[in-house]
Amino acid sequence: MDPEMQNHRLVSLSELALGDADLVNGDGSSAGHTSLVCPSHSGQTLRYYCRDCETAVCSTCTDIEHRTHSTVQLQEAIHEHRQILRELLEKAYTQVDPLKEAIELVTDMAADLANRRVEAEDQISECFDTLLLTLEQRKISLLAELESTHSQKQATLARQKELLETCLANLSSSCEFTEKTLTRGSETEVLLVKKQMGDMLTQYSNMQIQRTPEENNFLEFCDSEFNLAKKCLLNLGSVQSNSAIAFETTASGEGLKQCVAGRQMVVSITTKDCRGDLVKVGHSTISAELVCVSSLAILSPQIVDHKNGSYDLLYAVNKEGIYQLSIFLYGQHIKGSPFRVKAYTEEETSSGDRPISKIPRTTGVRQRATKRTPSAKSAGSCNRHSNPIEDDLVMRVGCRGRNKGEFTNPQGICCSSTGRIVVTDSNNQCVQVFNEQGDCKLKFGIRGRSAGQLQRPTGVTIMQNGNYVIADYDNKWVSVFEPNGKFVNRLGVGKLLGPKGVAVNHDGHIIVVDNKSSCVFIFQANGKLISKFGSRGNSENQFAGPHFVAVDSKNHIVVSDFHNHCIKIFDSDGSFIMSFGSNGEGNGQFNAPTGVAVDAQDNILVADWGNSRIQVFDNNGSFLSYVNTMAEPLYGPQGLALTSDGHIIIADSGNHCCKMYKYLQ
């Protein structure tokens, strides 16, 4: 310390600002309001405050180092700082009670969890004690049955043995007596014995004796059921739990916004944990309440647990009006709850402004399809989501038309690692390439039936060298183009009848789904046919109008079986592994599936054409969730793909555009 400052007390500005009481010296005695000394100019007190440098300065400092800076009196600055700190302190104090409440809630939850553990432990002990008692009773019963059976069989053998021994004793006695008579007896005795023993010996000679036991030794314990019981006991009971949290759990479906009076509505609930990850087990306690705002009548919707983390909420209202739908997970509102639902009458919802479509449609579809209105923007630009109804739309690319960036019935879609989006524009007989912002960078293709021309492009994929593989349904072949649109070669000529979906596996082989012949072809990159599998039908190895194909991390082939309403999975050689799905509108059901894609976790995404929605499944075919498309509904979706940044992009053929949605992997 500077010798000239040894008799000074150094304090911080914040200490001076906060301290209304006198400062104290090192020995604890009161020092009063000690003057602060400038460390740069000896003897100068700090009377000013530089706002630019946020430090106390002396008058000399204001003339030299801080002459161009904004300065105020130190006491004024201290007063301002005191006010600011007091305000910040008051705001900080407002968090104390919420934090205490949160701590209390967490403490209560931990205590309740501990109580539930004790309850479950007692229940487990009680169940197994009862089971042990039942087993002991069964053991006693079996031992008693064993003893009874053994005694009966032993009694039979004992009676037989006693009879045989009596016969043997009589026979031995008679034979011995006769033998003695013959050996030692007189002639008179022999005559007498003959008369006395002759008949008896004759009877013994002709006696029919049961020489084999009249009872068997079969007596054993059958443990076949016990082996089964042993296996059952190994899995007897279960500890059910999940990490579903209300503030991350979401609901989707048309029934969250509106409904038709008298018609059952379905809302899909997807449970998630605190990190926002999908919960893949069921048994969560979900409840719901639907209240009519005008009459305050309360309805209790039905909850269906699909045992995979997803749930269906079913409800129907009797009359039109405004309702409040509250959905609870473990007694807490889920994200977005309560929801405001407007109920209409049947007449209001069938006003005729809904599009007429050839797409098969059934009532109660969760994510209803609508065509774009004529006033929707065009020019091939991407329209960022501005709909007040929340969904996962990121952008829309294109509209109906024949110009660059416009579509007429887009079919296939794929994405490159560089961010390019490649779309087959089927009725415009061309291929268009877009960047990540939705700007059309390339359009190529000439209508025709010669090599290098396109007649009805459908599926599209990208080879390992970056070339585009285009399935041409009407030309009955697959064409390969360079990224600049230059034709390279074609394959499958004379073999294919109506190619639809295409994919490239990890070996670089090109997989082609032939929609017309209901089979799958596997070609080398040079066009040489390796193998084919499948035929028309509805068995495991058959298809009915298959559409698109994808490949997972195990090189398995995932095919959408359109008219069989399912997804089928084969190994790289074409051997059947599994299938999932059935015809319907429920979770995991399809109304003619089309596009398929596989994410990094091997979850399978499926475009459900007739139901106009996208469903997500795990690699075992268990339903996980929907992609929320409520505000921008699909209309007969076709191909879909995952972008390089993890979004989903889908060819919305009925709306003549492509749509990109958020996708949480």
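Undergrad: Can you tell me about the sheet that holds strand β25 (residues 487-491), naming the residues and giving the values?
TA: In space, the 4 strands of this open sheet follow the order β22-β23-β24-β25, with antiparallel pairing throughout. The open sheet has two edge strands with one neighbour each: β22 (457-462) and β25. Strand-to-strand twist of the sheet, defined as the mean angle between neighbouring strand axes without regard to direction, takes the value 25 degrees. Relative to strand β23 (residues 468-472), β22 runs antiparallel, the two being bridged by 4 bridges. Looking at β23, one finds that threonine 461 is bridged to valine 469.

Undergrad: Any chance you could break down the pattern of salt bridges for me, citing the residues and the numbers?
TA: Should their charged atoms come close, side chains of opposite charge can pair. Inspection of every chain in the model, using the stated rule, returns 15 salt bridges. Arginine 275 is paired through a salt bridge with aspartate 277; the nearest N and O atoms lie 3.6 Å apart. Residue class for arginine 275 comes out exposed when judged on its relative accessible area of 62%. Judged by its relative accessible area of 34%, aspartate 277 is partly exposed. Taking the shortest distance from any N to any O, the salt bridge between arginine 396 and glutamate 632 comes out at 2.7 Å. Of the two residues, arginine 396 sits in strand β17 (residues 393-397) while glutamate 632 sits in the loop between β37 (623-626) and β38 (637-642), which places them 236 residues apart along the sequence. Connected through shared salt-bridge partners, Arg396, Glu632, Asp652 and Lys659 make up one network.

Undergrad: Provide a residue-level description of the nonpolar core, including the pertinent values.
TA: Counting 26 residues, the largest nonpolar core has Ala251, Leu313, Tyr315, Val317, Leu325 and Ile327 as the members making the most contacts within it. Counting only elements with at least two residues in this core, the list comes to β8 (265-270), β9 (286-292), β12 (310-315), β13 (321-329) and β15 (339-344).

Undergrad: Can you tell me about empty space enclosed by the protein, naming the residues and giving the values?
TA: Using the criterion set out here, one finds 2 cavities of 30 Å³ or more in the structure. Empty space within the largest cavity amounts to approximately 60 Å³. Lining the largest cavity are Cys415, Ser416, Gly419, Arg420, Ile421, Glu436, Thr643, Ser644, Asp645 and Met660. When the residues that make up the lining of the largest cavity are grouped by side-chain class, the tally is 3 nonpolar, 4 polar and 3 charged.

Undergrad: Break down the layout of surface pockets for me, citing the residues and quoting the values.
TA: In this structure, the largest pocket encloses a volume near 1,600 Å³. As for the largest pocket, its lining consists of 37 residues, of which Leu113, Arg116, Ser241, Asn242 and Tyr330 are closest to the centre. Mapped by element, the contributors of at least two residues to the lining of the largest pocket are α4 (96-184) and β14 (332-333). If one sorts the elements of the lining of the largest pocket by residue count, α4 sits on top with 17 residues. Each residue belonging to the lining of the largest pocket can be placed in one class, and the counts come to 19 nonpolar, 13 polar and 5 charged.

Undergrad: Could you give an account of a positive patch on the surface, naming the residues involved and the relevant values?
TA: On the surface, Arg400, Arg402, Lys443, Arg447, Arg449, Lys476 and Lys516 cluster together into a positively charged patch. Along the chain, arginine 400 falls in the loop between β17 and β18 (410-415).

Undergrad: Tell me what's going on with the state of the cysteines, and back it up with residues and numbers.
TA: Under the defined criterion, the tally for this structure stands at 0 disulfides. We note that cysteine 61 lacks a disulfide partner, and the nearest cysteine sulfur, in cysteine 58, lies 3.4 Å from it.

Undergrad: Give a description of unusual backbone geometry that names residues and reports values.
TA: Serine 337 connects to proline 338 through a cis peptide bond whose omega is 0 degrees. Along the chain, proline 338 falls in the loop between β14 and β15. In this structure, histidine 656 takes a positive phi of about 55 degrees despite not being glycine. Tracing the backbone shows histidine 656 in the loop between β39 (648-652) and β40 (657-661). On the basis of relative accessible area, histidine 656 is assigned to the buried category, the value being 12%.

Undergrad: Can you lay out the packing of aromatic side chains for me, pointing to particular residues and giving the numbers?
TA: To describe a pair of aromatic rings, you give the distance between the ring centres and the angle between the ring planes. Under the counting rule described, the total for this entry stands at 15 aromatic pairs. Ring plane angle 70 degrees and centroid distance 5.7 Å describe the contact between phenylalanine 481 and phenylalanine 487, whose orientation is recorded as edge-to-face. Pairing phenylalanine 533 with phenylalanine 543 gives two aromatic rings, centres 6.5 Å apart and planes at 50 degrees, and the pair type is tilted. Residue phenylalanine 533 is located in strand β29 (residues 529-533), and its partner phenylalanine 543 is located in the loop between β29 and β30 (546-551); the two are separated by 10 residues in the primary sequence.

Undergrad: Can you tell me about the confidence of the model for the chain, naming the residues and giving the values?
TA: It should be kept in mind that the predicted coordinates are not to be read in detail where pLDDT is low. Counting all residues, the mean pLDDT for the chain is 84, and 88% of those residues have values of 70 or more. Across residues 17-32 the pLDDT falls below 50, and counting only partners more than four positions away or on other chains, this stretch makes 24 contacts in the model. This model gives residues 348-389 a pLDDT under 50, and the stretch forms 98 contacts once residues within four places in sequence are excluded.

Undergrad: Could you give an account of the side chain of aspartate 608, naming the residues involved and the relevant values?
TA: For aspartate 608, the position within the fold is in strand β35 (residues 604-608). At 3.2 Å, the side chain of aspartate 608 and the side chain of glutamine 615 are in polar contact. Among residues more than four places away in sequence, those in contact with aspartate 608 are Gln589, Phe590, Asn591, Ala592, Arg613, Gln615 and Pro637.

Undergrad: Go over the environment of glutamine 437 with me, naming the residues and quoting the values.
TA: If you trace the backbone, glutamine 437 turns up in the loop between β20 (430-434) and β21 (440-444). It is 9.6 Å that separates the C-alpha atoms of glutamine 437 and arginine 420, two residues lying 17 residues apart in sequence.

Rules behind the numbers
- Residues numbered from 1 in each chain as written.
- Predicted model: local features only at pLDDT ≥ 70, side-chain atom pairs only at ≥ 80, totals over all residues.
- Heavy atoms only, no water.
- Pairing = 2+ DSSP bridges.
- Helix = DSSP H or I, 4+ residues; strand = E, 2+ residues; numbered from the N terminus.
- Axes fitted to C-alpha atoms, helices over the stretch in contact; angles between N-to-C directions.
- Salt bridge = Lys/Arg side-chain N within 4 Å of Asp/Glu carboxyl O.
- Buried < 20%, exposed > 50% of the residue type's maximum accessible area, 1.4 Å probe, protein only.
- Core = buried A, V, L, I, M, F, W, Y, C linked by side-chain atoms within 4.5 Å.
- 1 Å grid on protein atoms, 1.4 Å probe; cavity = no way out; pocket = protein on both sides within 12 Å on 5 of 7 lines; lining within 4 Å.
- Points joined across faces, edges and corners; volume = space filled by probe spheres on them.
- Nonpolar A, V, L, I, M, F, W, Y, C, P; charged D, E, K, R; others polar.
- Patch = residues over 30% accessible without salt bridge, like charges linked within 9 Å, V, L, I, M, F, W, Y side chains within 5 Å.
- Areas by Shrake-Rupley, 256 points an atom, 1.4 Å probe, with all protein chains shown as cover.
- Lys, Arg positive; Asp, Glu negative; His and termini not counted.
- Charge placed at Lys NZ, Arg CZ, Asp CG, Glu CD.
- Disulfide = S-S within 2.5 Å.
- Phe/Tyr/Trp six-rings, centres within 6.5 Å; stacked < 30°, edge-to-face > 60°.
- pLDDT = per-residue confidence, 0-100.
- Contact = heavy atoms within 4.5 Å.
- Polar contact = N/O pair within 3.5 Å; in protein donor to acceptor, adjacent residues only side chain to side chain.

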